[in-house]
Amino acid sequence: MESLLAIAIGVLVATSVYLMLARNVLRFIFGLVLISNAANLTLFVAGRLTAGIPPLIKKGEIAPVGPVANALPQALVLTAIVIGFGLFAFALVLMFRTYTTLGTLYSDEMRVAEPREDTVI
């Protein structure tokens, strides 16, 4: 199962790099989201997959007995998902503002110039 997830992570990273090398800013943002998901899967797989055993310690014991799930990678992935969503929302707003100001989403066509007349600043 972990080797299948490793292949999926590799495909996600390759796809995200391909998208991030495009000249279109929207494709770059989609590539950024994909590489964020690949990093989340990497963190999740690094915690080793266990068969549904909750990370609980019985009353009176100091450490869990037997194999249990690792809660740290799950907490890290949850935090990374929230931060990634905030970054995605900010990037979409920034992209929309760039499009309304410059009139294009292609990085080659973006020039520092005076704003268009129909743009509200």
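Structural data are supplied above this passage.
So, here's what we can say about the structure. (Residues numbered from 1 in each chain as written. Predicted model: local features only at pLDDT ≥ 70, side-chain atom pairs only at ≥ 80, totals over all residues. Heavy atoms only, no water.)

## What to know about the overall build of the chain
Here comes step 1: Within the chain, the regular secondary structure consists of 3 helices and 0 strands.
Here comes step 2: Seen in sequence order, the chain has helices and strands lined up from the N terminus as α-α-α.
Here comes step 3: In the chain, 50% of the contacts between residues at least 6 apart in sequence involve partners at least 24 apart.
Here comes step 4: Of the roughly 9000 Å² that the chain leaves accessible, carbon and sulfur atoms contribute 71%. (Helix = DSSP H or I, 4+ residues; strand = E, 2+ residues; numbered from the N terminus. Contact = heavy atoms within 4.5 Å. Areas by Shrake-Rupley, 256 points an atom, 1.4 Å probe, with all protein chains shown as cover.)

## A few points about the side chain of Thr104
Here comes step 1: Tracing the backbone through its elements, the reader meets Thr104 in the segment after helix H3 (71–102).
Here comes step 2: Judged by its relative accessible area of 9%, Thr104 is buried.
Here comes step 3: A polar contact is formed between the side chain of Thr104 and the backbone nitrogen of Tyr106, at a distance of 3.2 Å.
Here comes step 4: Reaching out from Thr104, the side chain makes a polar contact with the side chain of Glu109 at a distance of 2.8 Å. (Buried < 20%, exposed > 50% of the residue type's maximum accessible area, 1.4 Å probe, protein only. Polar contact = N/O pair within 3.5 Å; in protein donor to acceptor, adjacent residues only side chain to side chain.)

## A short note on H3
Here comes step 1: Taking 1.5 Å per residue, 32 residues should reach 46 Å; H3 reaches 46 Å between its end C-alpha atoms and fits that length.
Here comes step 2: Listed as buried for H3 are Pro73, Val77, Ala91 and Met95.
Here comes step 3: Looking at the buried side of H3, the elements it contacts are helix H2 (25–46).
Here comes step 4: In the segment just after H3, Gly103 is the residue with positive phi, at about 80°. (Expected span 1.5 Å × (residues − 1).)

## A short note on the packing of helix H1 (residues 2–20) against H2
Here comes step 1: Running from amino to carboxyl end, H1 crosses H2 at an angle of 160°, the nearest separation of the two axes being 8 Å. Here H2 runs roughly antiparallel to H1, going by the angle between their axes. As for how H1 packs across H2, the hand of that crossing is left-handed. Mapping the contact onto sequence places Glu2, Leu5, Ile9, Leu12, Val13, Thr15, Ser16, Leu19 and Met20 in H1 and Arg27, Phe28, Phe30, Gly31, Leu32, Leu34, Ile35, Asn37, Ala38, Leu41, Thr42 and Val45 in H2. (Axes fitted to C-alpha atoms, helices over the stretch in contact; angles between N-to-C directions. Parallel < 35°, antiparallel > 145°, perpendicular 65-115°, else oblique. Left-handed = near helix turned anticlockwise from the far one by under 90°.)

## Brief notes about the side chain of Ser16
Here comes step 1: Within the fold, Ser16 resides in helix H1.
Here comes step 2: The exposure class of Ser16 is buried, given its relative accessible area of 0%.

## So, the packing of H2 against H3
Here comes step 1: At a closest axis distance of 9 Å, the pairing of H2 and H3 adopts a crossing angle of 175°. By the criterion of interaxial angle, the relationship of H2 to H3 is roughly antiparallel. Between H2 and H3, the residues in contact are Val25, Leu26, Ile29, Leu32, Val33, Ser36, Asn40, Leu43 and Phe44 and Pro73, Gln74, Leu76, Val77, Ala80, Ile81, Gly84, Leu87, Phe88, Ala91, Leu92 and Met95, respectively.

## Section: a nonpolar patch on the surface
Here comes step 1: A cluster of nonpolar side chains, Val13, Val17, Leu21 and Ile35, forms an exposed patch at the surface whose accessible area comes to about 320 Å².
Here comes step 2: Turning to its location among the elements, Ile35 is positioned in helix H2. (Patch = residues over 30% accessible without salt bridge, like charges linked within 9 Å, V, L, I, M, F, W, Y side chains within 5 Å. Salt bridge = Lys/Arg side-chain N within 4 Å of Asp/Glu carboxyl O.)

## A look at the layout of surface pockets
Here comes step 1: One number sums up the size of the largest pocket: a volume of about 160 Å³.
Here comes step 2: Per-element accounting of the lining of the largest pocket gives the leading share, 6 residues, to H2.
Here comes step 3: When its residues are assigned to classes, the lining of the largest pocket shows 7 nonpolar, 4 polar and no charged. (1 Å grid on protein atoms, 1.4 Å probe; cavity = no way out; pocket = protein on both sides within 12 Å on 5 of 7 lines; lining within 4 Å. Points joined across faces, edges and corners; volume = space filled by probe spheres on them. Nonpolar A, V, L, I, M, F, W, Y, C, P; charged D, E, K, R; others polar.)

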